[in-house]
Amino acid sequence: MTMRTLILASALFAGLFGSLAADPTPISYHAFCRTLWLFAAPCSEIDVKLVQQIQAFDPLAGCAECQYTLVSSSAQMIKANHTSIDGLQVEEVIFTLSPTVMSSGCRVSAQSSSLGFTSLLDNGRNYCNLYNLLAASDLNSEPGFVEMTNEWACLGYGLATCNV
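Residues numbered from 1 in each chain as written. Predicted model: local features only at pLDDT ≥ 70, side-chain atom pairs only at ≥ 80, totals over all residues. Heavy atoms only, no water.

Draft legend 1. Unusual backbone geometry, seen in detail. The phi dihedral of Gln-67 falls on the positive side, at around 65 degrees, and the residue is not glycine. Position of Gln-67 among the secondary structure elements: in the loop between helix H2 (43-56) and strand S2 (68-73). Given a relative accessible area of 17%, Gln-67 falls into the buried group. Its identity is not glycine, yet Asp-138 carries a phi of approximately 65 degrees, on the positive side. As for its placement among the helices and strands, Asp-138 is situated in the loop between helix H3 (125-136) and strand S6 (146-148). (Helix = DSSP H or I, 4+ residues; strand = E, 2+ residues; numbered from the N terminus. Buried < 20%, exposed > 50% of the residue type's maximum accessible area, 1.4 Å probe, protein only.)

Draft legend 2. Representation of the pairing of strand S1 (residues 32-39) in the model. In terms of burial, S1 is largely enclosed, as 6 of its 8 residues are buried. Pairing of S1 with strand S5 (residues 106-114) involves 8 bridges; the strand directions are antiparallel. Directly across from Arg-34, in S5, lies its bridge partner Gln-111. Bridge count for S1 against S6 is 3 bridges, and the pairing is antiparallel. Paired with Leu-36 across the two strands is Met-148, which belongs to S6. (Pairing = 2+ DSSP bridges.)

In C-alpha cells:
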C-alpha cells in the first residue's frame, strides 16, 4: 500500500510540474485592471458605443486631456491605447465582447495594462481608463448593467477616483 501511494503521488507531482513547464503563466510586473461587465443590450450596441467614445476621447478629435487612441476594432474585440497628458505613461485597453448564453445580452471582459515598468499600485489609473469610457458613453446606466471586479483582479480599484 505504501509503495502504491508513493507511485501515485510521484505521478501526480510529475504531471503537475510537467503541465506548469509546458504552459507557464506569465507574471505581470505592470499595473493592470481586469473587470467584467454584463449588459442586457446586445454586443453590437455596446461595441458601437465604446468605439464612438474612444474616438470622441482622441486628441485629434479635440479632447486634449482624454488621450485615447483606437488601435483596432472588430465585433468581438476593441483595442485602444491611453496616454497620460505628459506622455510618459501608456496603457493598453482591451475590450472582449461576447453574447451571453441565457439572454440577448452582452458580456464584456475589460482590461487595462500599463505598458511601462511602473509601480504595481497605480492608484486606480487602469480602472479609471476603463470606467471613464463606460461612464462617458453612459453604458453604466444601461438596463441590466453589472460590474464585477475586486482588488485582486484590478490593482488600485479601491483607491480609484475617476473623473470623466
